[in-house]
Amino acid sequence: QVQLVESGGGLVQAGGSLRLSCAASGRTFSSYAMGWFRQAPGKEREFVAAISRSGSSTYYTDSVKGRFTISRDNAKNTVYLQMNSLKPEDTAIYHCAAAGEIALTIRPTRYDYWGQGTQVTVSS
């Protein structure tokens with residue numbers, strides 16, 4: 001079993017940057033593909049980014065491509081989401097998730113564990 005705890009959210013002006021972190025418990029972090037999802041008020045949950053178990057492959061939703069970077073440090077049991085050039089429409093609660101027995105997926109139903117989320121608010 002994996003516990004995920006996000007941190008790094010906050011209030012930032014449009015054009016600014018934040019780095020989200022997701023710390024995982026246990027010793028099997030490298031066995032999981034990891035993803036970031038977000039949900040804004042009145043909106044459905046949206047896939048943001050995913051990274052393979054080794055970190056060799058990544059995938060992003062079009063709206064964040066070129067602005068966000070997902071990475072992982074398996075030695076630290078941590079996945080990151082570097083967010084640059086933030087826009088007000090990026091405002092949401094951001095969740096990290098872990099998917100076992102799969103290389104990389106954008107499908108939320110394939111993720112086995114979810115963090116509690118961290119709030120990101122981007123002002124105009």
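Preceding block: the structure.
Just so you know, these numbers come straight off a predicted model, no measurement behind them. (Residues numbered from 1 in each chain as written. Predicted model: local features only at pLDDT ≥ 70, side-chain atom pairs only at ≥ 80, totals over all residues. Heavy atoms only, no water.)

In terms of helices and strands, the chain carries 0 helices and 11 strands. Listing each helix as α and each strand as β along the chain from the N terminus yields β-β-β-β-β-β-β-β-β-β-β. Radius of gyration (C-alpha) of the chain: 13 Å, near the 14 Å computed for a compact globule of 124 residues. Dimensions of the chain, computed from the C-alpha atoms along their principal axes, are close to 40 × 25 × 25 Å. Here the chain holds 124 residues, and 45% of them are scored as buried. Considering only intrachain contacts with a sequence separation of at least 6, the fraction spanning at least 24 residues in the chain is 59%. Averaged over its 13 positive side-chain charges, the chain has a centre that lies 4 Å from the centre of its 9 negative ones. (Helix = DSSP H or I, 4+ residues; strand = E, 2+ residues; numbered from the N terminus. Rg over C-alpha atoms; globule rule 2.2 N^0.38 Å. Buried < 20%, exposed > 50% of the residue type's maximum accessible area, 1.4 Å probe, protein only. Contact = heavy atoms within 4.5 Å. Lys, Arg positive; Asp, Glu negative; His and termini not counted. Charge placed at Lys NZ, Arg CZ, Asp CG, Glu CD.)

If you look at the biggest cluster of nonpolar residues, it comprises 28 residues, and the most contacted ones within it are Met 34, Trp 36, Leu 81, Met 83 and Tyr 94. Sorting the residues of this core by element identifies strand 3 (18-24), strand 4 (32-39), strand 5 (46-51), strand 7 (68-73), strand 8 (78-83), strand 9 (92-100) and strand 11 (118-123) as the ones contributing at least two each. One finds Ala 33, Phe 47, Ala 50 and Tyr 111 within the second-largest nonpolar core, a separate group that totals 8 residues. (Core = buried A, V, L, I, M, F, W, Y, C linked by side-chain atoms within 4.5 Å.)

Even without being glycine, Asn 77 reaches a positive phi, approximately 55 degrees. Following the sequence through the fold, Asn 77 ends up in the loop between strand 7 and strand 8. Overall, the relative accessible area of 14% leaves Asn 77 in the buried class. In this structure, Glu 101 is a non-glycine residue whose phi angle is positive, near 60 degrees. Mapped onto the fold, Glu 101 is located in the loop between strand 9 and strand 10 (113-114).

Right, let's talk about the state of the cysteines for a bit. Taken as a whole and assessed by the stated rule, the structure comprises 1 disulfide. Two residues, Cys 22 and Cys 96, share a disulfide whose sulfurs are 1.9 Å apart. Between Cys 22 and Cys 96, the S-S dihedral sits near 55 degrees, and the bridge is therefore right-handed. Highlighted residues: Cys 22 in strand 3 and Cys 96 in strand 9, separated in sequence by 74 residues. Just as Cys 22 is buried, Cys 96 falls in that class too. (Disulfide = S-S within 2.5 Å.)

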